[in-house]
Amino acid sequence: MHSILLIARREYLEQVRGRAFKMTTIGLPAVFALIVGVSYLSSLGLGANRRVAVASNDPALAEQIRHNLLGDKQAKATVIVAAPATPQDRALLLSKVEDGTLDGLLSVETTPGKQPAATYTSQSAGDFITTGRIRSALNHALLDERLTTGGMNQVAADALVEGISITTYQAHKDGTVVRSSAEASFWKGYIMAILLSMTTMIYGMNVARSIIQEKTSRIFEVMLSIARPADLLAGKLIGVGAVGLTQIAIWLVAAAAILVSPFASAVLTGDFTVHISWAEAVLFPVYFVLGYLLYSSLFAGLAATCETEQELQMYTPLAAAPTWLSFALILVVINDSNSIWSVAASFFPPTAPVIMFLRMAAEIPPAWQFAVSIGLLALSIWGVLWFSARLYRIGILMYGKRATLPELLRWLRYS
Amino acid sequence: MPVVELAEVTKAYESKVAVDHLAFSVEAGQMFGLLGPNGAGKTSSIRMMMGITLPDSGSIRLFDRPFERGSLKRVGYLPEERGLYKKMKVLDQLVFFGQLHGLHAEDAHQRATSWARRLQIDDSLHKKTEELSKGMQQKIQFIGTLLHDPALIIMDEPFSGLDPVNAKLLEQTLLALKDQGKAIIFSTHRMDQVEKLCDSICLIHQGRAVLSGRMREIKSRYERNHVLVEFEGSDSFLRSSEVAEAKNFSGHAEIRLKPHGDAQKLLHEASAAATIYRFELVEPSLEEIFIQTVGGKVDA
């Protein structure tokens, strides 16, 4: 135990004092914030400032569509109306779309007793945001027109078409009811899942890289004369894992400091209230440690069989596949966090940490499911460690050539 | 009481027998040379002594007890494939090794400083290892091996990569440790160093001990049929019927006589052909014994 702690301490101090730790501690959240910020800011301008023409045989309907489009503050559209439109008007407007003077032409034909026919012509087939806005404006205009034609006054019809917003609450099993937002919950779960998968992968890779570096520097035989291979591996896993926990702790403290700042309270108001439960606060480090141990012991075994970092990189996509699978299941989990698929994925050890956090964002699963998920993770860690420790014991003393599959099987037999 | 004792130790990897019924023992205060061509089984034998690999059969005893990991606290090991943590400062690294060997940090610090002074690298203690030359790094590895004052020191090719000055310093240090009663085992290709330093040797070839025992006793097994000659003039005497093999290095010749060759007759022929400054009948060098024993199978 003394050796394990000394090796873990050396590993921890070496990494925490290193430049890479300082750079990633500051750089990763900055890059993440930049990506989210840029995506958000650019999404604000998506489909905006379009110049659209509405051509129809029904002037009232055309005017209502224009009114609806101009009422959309984010669209900032310029709308011209040709109604009642002649074939010449339509041809002229179409030529303007073709030469780029206009971004699109909405053509609506109404025939009494029949469903109106609408076409939208533009140069960009992929501008789904503008298409969506035009569809919404058209449908609302038609509904408005039918309601007023049916005898409802304009103000009542407008109010009905505009709809009402719903304030959402989440009822917990302990009887408390808190205000919630599906969107905010999704993003909270998503960000925590990303943080969890990113850190377990990064620190799993750090273990692997550290083993390759030690193999390259030929330190292993010196160390093996002082400590058991299992102690070397355990010390490395504990040391690097502690570095990961330190980094996450720094990020969480910084995030908490930002969230309680006046700036955050000005930005994160109303529907975007984020509530982090005690279960999430406690289980996050638990799932980090378990996920990290699973991936890092897998990477440690792989690294012991490799000669160079380039060689290791060939295996990385294979080892990271479960993380991709976790993110591929996001929609399944968000749609129904208690479906058989969601529960199964939160029990399957390689996907359990990420999926469990996505489930928790929607609804806290029952305690027995946590117990099964954590139990299976612990069991699989034991299995992978057993396997990796055998590869590690022999692999760290093998220099000069890449191990073949039959050789790896022999190593497992020898150990 | 032997400090280390191998009895009929055998180790095979797949179809290759790396060590084949090897047996020897080393006492306290003894310098023991483990010799052999590349792939002979030296490193495999040493790794088994250190518990890095286990023998298939036979037994290894350390300090008169069956091998157990606890005994390794009293062993200092310098492997052939040696390395250091490149980013760590030298002193931190030595203290770390000392602590792993069971020393307190302060004690390890003190010993590291003292050894660094002795090996003339005390001004490098606060540098990162990667900033040092290969020879300097080797001295640090040497200190790391000795920091915990081991009773048994095992070094695999300790002189490789050292310049003559540092090799001399290492030799002197090893002799001083031997005088303190440490048992020292080292493997090397450098026969001159073995001849100079070792009391006993074991020559391994293809995993088997082909020659072992006290140096003096081994050398006495071979007759004095080697002659060193320093001369000026004709070298025609090198082609004498008494000579089996001769190497001429511009006035300095090394001659091996034929079995029962007559040295006096050769001296007579040499003095007739050239001016002789030195004519010395010597026992064969360890290198010659090595080559004779291992024969043409040496791939080193």
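For clarity, every value in this text was computed on a predicted model and none was experimentally measured.

Visitor: Where do I start with the overall build of chain A in this structure?
Guide: Looking only at helices and strands, chain A has 17 helices and six strands in total. Counting over 415 residues, chain A shows a buried share of 35%. The long-range share in chain A, meaning contacts at least 24 apart out of those at least 6 apart in sequence, stands at 73%.

Visitor: Hey, could you run me through the overall build of chain B in this one?
Guide: Looking only at helices and strands, chain B features nine helices and 14 strands. Across the 300 residues that make up chain B, the buried fraction comes to 38%. Restricting the contact set of chain B to residue pairs at least 6 apart, pairs at least 24 apart contribute 68%.

Visitor: How should the confidence of the model for chain B be read in this particular structure?
Guide: Do not read the fine detail of predicted coordinates wherever pLDDT is low. Put simply, chain B has an average pLDDT of 87, and 98% of its residues get 70 or more. Scored as a complex, the prediction yields pTM 0.71 and ipTM 0.76.

Visitor: Can you help me understand the interface of chain A and chain B in this one?
Guide: Interfaces are frequently sized by the accessible area removed from exposure as the parts join. Contact with chain A, which involves 14 residues of that partner, is made by 18 residues of chain B. When residues of the side of chain A that touches chain B are assigned to their parent elements, the largest contribution, four residues, is made by helix α1 (residues 2-16) of chain A.

Visitor: When you look at the sheet that holds strand β6 (residues 75-78) of chain B in this model, what are you seeing that I'm missing?
Guide: What links the strands of a sheet is backbone hydrogen bonding, and the strands pair in either a parallel or an antiparallel sense. Residues and elements named next belong to chain B. Across the sheet, six strands lie side by side as β6-β7-β8-β3-β9-β10; this open sheet has mixed pairing. On the outer flanks of this sheet lie β6 and β10 (208-214), each paired with one strand and no other. Each neighbouring strand pair of the sheet contributes to a mean axis angle of 10°, computed without reference to strand direction. Note that strand β9 (residues 200-205) and β10 share six bridges and pair antiparallel. Within β10, the residue paired with Ser200 across the bridge is Arg214. This element, helix α4 (residues 134-146), spans β6 and β7 (152-156) of the sheet and lies at about 160° to β6.

Visitor: Just to check I follow, could you spell out unusual backbone geometry for this structure?
Guide: Where the residue is not glycine, phi is negative for most of them; where a peptide bond is considered, it is trans in most cases. The amide bond that connects Ala83 of chain A to the next residue, Pro84 of chain A, takes the cis arrangement and shows omega of -5°. Backbone geometry places Glu8 of chain B, a non-glycine residue, at a positive phi of 50°. In this structure, Glu8 of chain B sits in strand β1 (residues 2-13).

Visitor: Help me understand the sheet that holds strand β3 (residues 104-109) of chain A in this model?
Guide: All names here are of chain A. Sheet architecture is open: four strands sit in the order β2-β1-β3-β4, paired in mixed fashion. The open sheet has two edge strands with one neighbour each: β2 (78-82) and β4 (117-122). Within this sheet the neighbouring strands show an average axis-to-axis angle of 15°, counted without direction. In the sheet, strand β1 (residues 51-56) pairs with β2 via five bridges, with the strands oriented parallel.

Visitor: Help me out: how do you make sense of the nonpolar core in this one?
Guide: Note on soluble globular proteins: their nonpolar side chains tend to be buried together. With 129 residues, the main nonpolar core has Ala208, Ala303 and Phe357 of chain A together with Ile154 of chain B as its most contacted residues. Looking at this core element by element, the count peaks at 14 residues for helix α11 (residues 278-304) of chain A. The next biggest cluster of nonpolar side chains, apart from the first, holds 22 residues, and it includes Ala62, Leu93, Leu105 and Val108 of chain A.

Visitor: Looking at this structure, how should I read helix α5 (residues 128-149) of chain A?
Guide: Because an α-helix completes one turn every 3.6 residues, residues spaced three or four positions apart along the sequence face the same direction. Helix length check: α5 of chain A (22 residues) gives 31 Å between terminal C-alpha atoms against 32 Å at 1.5 Å per residue, within 8%. Positioned one or two residues after α5 of chain A, Gly151 of chain A has a phi angle of 115°, which is positive.

Visitor: Would you mind going over α11 of chain A with me for this structure?
Guide: Spanning 27 residues, α11 of chain A covers 39 Å between terminal C-alpha atoms, matching the ideal 39 Å at 1.5 Å per step. Its axis deflected by about 25° at Phe284 of chain A, α11 of chain A carries its strongest bend there, up to four residues before the proline Pro285 of chain A.

Visitor: Explain the packing of α11 of chain A against helix α16 (residues 367-395) of chain A here, please?
Guide: Two numbers describe a pair of packed helices, the interaxial angle and the distance between the axes. Residues and elements named next belong to chain A. Here α11 crosses α16 at 25°, and the two axes come no closer than 8 Å. Classed by the angle they form, the pair α11 and α16 counts as roughly parallel. Crossing geometry of α11 relative to α16 is assigned as left-handed. Contact residues: Val286, Leu290, Leu293, Leu294, Ser297, Leu298, Ala300, Gly301 and Ala304 in α11; Ile374, Leu377, Ala378, Ser380, Ile381, Val384, Leu385, Phe387, Ser388, Leu391, Tyr392 and Gly395 in α16. Considered class by class, the residues forming the contact of α11 with α16 number 16 nonpolar, five polar and no charged.

Visitor: Hey, could you run me through the packing of α11 of chain A against helix α12 (residues 309-328) of chain A in this one?
Guide: Residue and element names in this part refer to chain A. As a packed pair, α11 and α12 sit with axes 10 Å apart at the nearest point and diverge in direction by 150°. Here α11 runs over α12; the crossing is right-handed. Taking contact as the criterion, the partners of Tyr295, Leu298, Phe299, Leu302 and Ala303 in α11 are, on α12, Leu312, Tyr315 and Ala319. Classifying every residue of the contact of α11 with α12 gives eight nonpolar, no polar and no charged.

Visitor: So what exactly am I meant to see when it comes to the environment of Ala281 of chain A here?
Guide: Residues and elements named next belong to chain A. By secondary structure assignment, the location of Ala281 is in helix α11. The exposure class of Ala281 is exposed, given the 10 C-beta atoms found within 10 Å. The spatial distance from the C-alpha of Ala281 to the C-alpha of Met314 is 35 Å, given a sequence separation of 33 residues.

Visitor: Could you clarify how one ought to interpret the pairing of strand β11 (residues 226-233) of chain B in this entry?
Guide: For a regular strand, the rule is simple: side chains alternate between the two faces of the sheet. All names here are of chain B. Bridging between β11 and strand β13 (residues 252-257) involves five bridges; their strand directions are antiparallel. Along β13, the bridge assignment pairs Glu230 with His252. Judged from the eight bridges that link them, β11 and strand β14 (residues 274-282) form a sheet pairing that is antiparallel. By the bridge assignment, His226 is partnered in β14 with Val282.

Visitor: What should I look at first to understand the pairing of strand β8 (residues 183-187) of chain B in this one?
Guide: Residue and element names in this part refer to chain B. With respect to burial, β8 is a largely interior element, five of its five residues being buried. Residues Ala183, Ile185 and Ser187 of β8 are buried on one face, and the alternating residues Ile184 and Phe186, pointing to the opposite face, are buried as well. Alignment of strand β3 (residues 31-35) against β8, held across four bridges, turns out to be parallel. Looking at β8, one finds that Gly33 is bridged to Phe186. Pairing analysis gives five bridges linking β7 to β8, with the strands arranged parallel.

Visitor: How do you make sense of the environment of Ser285 of chain B when you look at a structure like this?
Guide: Residue and element names in this part refer to chain B. Tracing the backbone shows Ser285 in the loop between β14 and α9 (286-294). Considered as a pair, Ser285 and Met191 are 94 residues apart in the sequence and their alpha carbons are 8.4 Å apart. In contact with Ser285, not counting residues within four places along its chain, are Met191 and Glu195.

Visitor: In this structure, what is going on with the environment of Thr216 of chain A? I would like to understand it.
Guide: Tracing the backbone shows Thr216 of chain A in helix α7 (residues 182-216). Once the C-alpha coordinates of Thr216 of chain A and Glu309 of chain A are considered, the two residues, 93 residues apart in sequence, prove to be 9.9 Å apart.

Reading the values: the criteria
- The numbering scheme is per chain: residues are counted from 1 as the chain's sequence reads.
- Here the convention is simple: chains get letters from A, ligands get numbers from 1, in the order in which they are written.
- In view of the model being predicted, local features appear only for residues whose pLDDT reaches at least 70, and side-chain atom pairs are presented and counted only at 80 or more, with totals across whole chains, interfaces and linings using the full set of residues.
- Every helix listed is a DSSP run of H or I at least four residues long, and every strand listed is a run of E at least two residues long, numbered separately from the N terminus.
- Residues with at least 20 neighbouring C-beta atoms inside 10 Å of their own are called buried, those with 12 or fewer are called exposed, and the rest are partly exposed, where every C-beta is derived from the backbone.
- Any pair of residues counts as being in contact when their C-beta atoms, constructed from backbone geometry, are within 7 Å of one another.
- Each residue carries a pLDDT score, the predictor's confidence in it, ranging from 0 to 100.
- Note: two strands are recorded as paired if DSSP finds a minimum of 2 bridges between them.
- Angles run from 0 to 180 degrees between N-to-C directions of axes, and those axes are lines fitted to C-alpha atoms, restricted for helices to the stretch in contact.
- By definition, a nonpolar core groups buried Ala, Val, Leu, Ile, Met, Phe, Trp, Tyr and Cys residues that connect through C-beta atoms lying within 7 Å of each other.
- The span one expects for a helix is its residue count, reduced by one, times 1.5 Å.
- The term bend refers to the angle at a residue between two fitted axes, each drawn through seven residues, those ending there and those starting there.
- Oblique is the label for every angle not falling under 35 degrees (roughly parallel), over 145 degrees (roughly antiparallel), or within 65 to 115 degrees (roughly perpendicular).
- Each crossing is labelled by how the near helix is turned from the far one, with a counterclockwise turn of less than a right angle marking it left-handed and a clockwise turn marking it right-handed.
- Throughout this entry, Asp, Glu, Lys and Arg are counted as charged residues, while Ala, Val, Leu, Ile, Met, Phe, Trp, Tyr, Cys and Pro are counted as nonpolar. The remaining residues, Gly among them, count as polar.

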